[in-house]
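The primary structure of each chain is shown beneath.
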Amino acid sequence: MSNLKHGLMQDWPLLVHTVLDHASNWQGDREVVSRSIEGPIHRCTYSQLSVRSKKLASAAMSELGIKQGDVIATMAWNGYRHMEIWYGIMGLGAVVHTLNPRLFAEQLVYIANHAEDQWVFVDLTFVPIFEALQDKLPTVKGYIIMTDKAHMPADTKLKNAICYEDLLEAGNETFQWPTFDERTACGMCYTSGTTGNPKGVVYTHRSNVLHAMASCMGDAMSFSSRDNILPVVPMFHANAWSLAFSGPMSGANMIMPGAQMDGASIYELLDAEKVSLTAAVPTVWLMLLQFLEENPDKMLPHLERVIIGGAACPESMMKIFEEKYGVNVLHAWGMTEMSPLGTIGSRRGGMEDMSAADWWQTQLKQGRPPYSIEMKITDENDKILPHDGKAFGRLKVRGPAISSAYFKGDGSENFADDGWFDTGDVSTIDDNGYMQITDRAKDVIKSGGEWISSIEIENIAVGHPLVVEAAVIGLPHPKWDERPLLVIVKKPDCEVDGQELLDFLQGKIAKWWMPDAVAFVDELPHTATGKISKLTLRKTFKDYVLPTGDAG
Ligand code: ADP
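Residues numbered from 1 in each chain as written. Predicted model: local features only at pLDDT ≥ 70, side-chain atom pairs only at ≥ 80, totals over all residues. Heavy atoms only, no water.

## Re the sheet that holds strand β10 (residues 228-231)
Working step 1: Here we have 8 strands laid out as an open sheet, ordered β2-β1-β11-β10-β12-β13-β14-β15, and mixed in their pairing. The open sheet has two free edges, formed respectively by β2 (41-45) and β15 (341-344), since each of these has just one partner strand. The sheet shows a mean angle of 20° between the axes of neighbouring strands, direction not considered.
Working step 2: By the bridge criterion, 2 bridges tie β10 to strand β11 (residues 253-256) in an arrangement that is parallel. The residue of β11 that forms the bridge with Ile 229 is Met 254.
Working step 3: Across the face of the sheet, helix α3 (residues 80-91) comes into contact with β1 (31-35), β2 and β11 while running at roughly 125° to β1. (Pairing = 2+ DSSP bridges. Helix = DSSP H or I, 4+ residues; strand = E, 2+ residues; numbered from the N terminus. Axes fitted to C-alpha atoms, helices over the stretch in contact; angles between N-to-C directions. Contact = heavy atoms within 4.5 Å.)

## Side note on the domain arrangement of the chain
Working step 1: Under the domain assignment used here, the chain contains domain 1 (17-210) and domain 2 (445-540).
Working step 2: Its C-alpha centre places domain 1 at a distance of 40 Å from the equivalent point of domain 2.
Working step 3: Counting from both sides, the interface comprises 5 residues of domain 1 and, opposite them, 4 residues of domain 2.
Working step 4: Of the roughly 380 Å² buried between domain 1 and domain 2, counting both surfaces, carbon and sulfur atoms make up 62%.
Working step 5: Summed over the shared surface of domain 1 and domain 2, the number is 0 salt bridges.
Working step 6: On the surface where domain 1 and domain 2 come into contact, there are 1 residue pair in polar contact (both at pLDDT 80 or more).
Working step 7: For the side of domain 1 that touches domain 2, the residue count by class is 1 nonpolar, 3 polar and 1 charged. (Domains from an automatic or database assignment. Buried area = accessible area lost by both parts, 1.4 Å probe. Salt bridge = Lys/Arg side-chain N within 4 Å of Asp/Glu carboxyl O. Polar contact = N/O pair within 3.5 Å; in protein donor to acceptor, adjacent residues only side chain to side chain. Nonpolar A, V, L, I, M, F, W, Y, C, P; charged D, E, K, R; others polar.)

## What about the site of the ligand?
Working step 1: Near the ligand you find 17 residues, and of these Ala 332, Thr 336, Asp 425, Thr 529 and Lys 531 are the closest.
Working step 2: A distance of 2.9 Å separates a nitrogen atom of the ligand from a polar side-chain atom of Gln 366.
Working step 3: The contact in question runs from an oxygen atom of the ligand to an N or O atom on the side chain of Thr 529, over 2.6 Å.
Working step 4: Protein contact buries 94% of the 580 Å² of open area that the ligand shows by itself.
Working step 5: Top element by residues in the shell around the ligand is strand β14 (residues 328-334). It accounts for 4 residues.
Working step 6: Looking at the shell around the ligand residue by residue, the class counts come to 5 nonpolar, 9 polar and 3 charged. (Near = heavy atom within 4 Å. Areas by Shrake-Rupley, 256 points an atom, 1.4 Å probe, with all protein chains shown as cover.)

## Focus: unusual backbone geometry
Working step 1: Omega for the peptide link from Ser 339 to Pro 340 comes to 10°, which places this bond in the cis form.
Working step 2: Mapped onto the elements of the fold, Pro 340 is located in the loop between β14 and β15.
Working step 3: The backbone phi angle of Ser 372 is positive, close to 100°, even though this residue is not glycine.
Working step 4: On the secondary structure map, Ser 372 appears in the loop between α12 (356-363) and β16 (374-378).
Working step 5: Judged by relative accessible area, Ser 372 falls into the partly exposed class, the value being 22%. (Buried < 20%, exposed > 50% of the residue type's maximum accessible area, 1.4 Å probe, protein only.)

## Overview of the pattern of salt bridges
Working step 1: For the structure on display, the rule yields 24 salt bridges.
Working step 2: For Lys 396, the salt bridge is made with Asp 382, and the minimal N-O distance between the two is 2.8 Å. With Lys 396 in strand β17 (residues 393-398) and Asp 382 in the loop between β16 and β17, this residue pair connects regions lying 14 residues apart in the sequence.
Working step 3: Under the relative-accessibility criterion, Asp 382 is labelled partly exposed at 37%.
Working step 4: The residue Arg 538 makes a salt bridge to Asp 443 at a minimum N-O spacing of 3.2 Å.

## Some points on the nonpolar core
Working step 1: Ranked by size, the top nonpolar core spans 120 residues in total, and within it Phe 121, Trp 285 and Phe 321 carry the most contacts.
Working step 2: In this structure Phe 321 touches Trp 285, Leu 288, Leu 289, Leu 300, Val 306, Ile 308, Gly 326, Val 327 and Val 329, once residues within four positions along its chain are discounted.
Working step 3: Core analysis: the second largest hydrophobic core is formed by 22 residues, Ala 312, Met 375, Ile 377 and Ile 437 among them. (Core = buried A, V, L, I, M, F, W, Y, C linked by side-chain atoms within 4.5 Å.)

## Topic: α3
Working step 1: Relative to the 16 Å expected for 12 residues at 1.5 Å per residue, α3 spans 16 Å between its end C-alpha atoms, a close match to the ideal helical length.
Working step 2: Here α3 lies mainly inside the structure; 12 of its 12 residues are buried.
Working step 3: Buried residues of α3: Tyr 80, Arg 81, His 82, Met 83, Glu 84, Ile 85, Trp 86, Tyr 87, Gly 88, Ile 89, Met 90 and Gly 91, and no others.
Working step 4: Phi for Gly 93, located one or two positions after α3, is positive at around 100°. (Expected span 1.5 Å × (residues − 1).)

Now the structure itself:
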């Protein structure tokens, strides 16, 4: 019997600091450009960022006593200091827990206590949030305010408030990253918890490195050192879609938007920094496209690709990007629990003969999984459904960057013993492997025993020129169990009535999918991660009686 224990590859642990080491050693002059909270644009190179991350790690140990396994929170915008904290804290073996400032106060308190956060790194913008909440956060030892001495708030009521740049000064730049098991926790992000309490997802060094490699692949996000990447998706949403790892891994310049995500500010960065690729949820792109519509002299000559995910990308949005601005839209689907990338809609080889019209319909879907993600759709009895683009069922996934459990064992019903994670989404998969989300299972409308896809109706409705945003919810109906209500935000100062919108849908959806009524609102409720909150909307319309409601 041969002894295969010898002569093997090196056991090189996949630790996240190796990503920054590589960027610093081989792409050391590539830049991280940040819109700072204090105002001006800040520029630094990967080499400088690497030195500062080491100083932070060393100071975190010596000055704050942070050690492996401690959970350290951040509440910060996308910027160079936030990147330094990710690499510095993760690199020393502690865990970075990103807090979403858009959550309600009670949710923040619940999450910070549940995670047992020990220190909080906080941007100037969010200091008032913790001044108000700190008495409810007993595990937190102090707050590091992410600014320099000149901008430190003089009268902050935060306990043990430390100036970030002062802390960094105390650090040692010759600090050597420790080595430990790649399966060590390094990041934590809570799902926004539309039902029940938010649940903690814990990333490991190994999952983050593997996931970043998968994200960079040609048929995924296809990053290179020639890219200038603008992650509008915040670092506190779903592991920043991996961009804080995959960007430096590929040597791309990173353009960090800070606190300003309105259309004008994003456009300014896209233009000035010649951004080639950007990523965010659809609501952000609504703001940019509105700004561009109001400024017809402005185009997007540098932008090549835009990744749209987190919620379904409407056809009208994809059309404007592709046809008016020549920007390739990559529609992606993922979840916090999946690090987050699940599928992405790049064009696969072997489909060269597909007509332009068929490719357009395919591109609108959420795409195909890159290597490392296993995926299936099943019926209620866990029977696998065919990839025919018609059968829809529960979407289940498995892989090395997918949660095996929530922190402290919450929500165990979502995790099967055989490792398949039930995403809670309902979808189809076509014969080319492109997955399409029909709905979140809890938002699906059941009419006469059949399912109506709210997402599909919404996406068509926003294609109407006078519609800004649309949502479809199911309301109780005596005969059909549920029937759809279309809720619309129309463009300001425009007149459009419900019948006109129903006429617009006519012929584009099945007859029995036609909403029973149209309601107009000034704005739709959104969740902390920028999605339309169907839960809130259902509450708002709970007493609404459909015109067909008492006909029976
Ligand atoms: P949260 O649940 O905290 O809002 P996530 O980003 O983890 O944050 O949400 C994941 C869910 O978002 C998915 O399960 C799916 O329902 C929805 N989603 C993500 N991307 C898309 C997409 N491209 N199209 C439709 N739904 C999407």
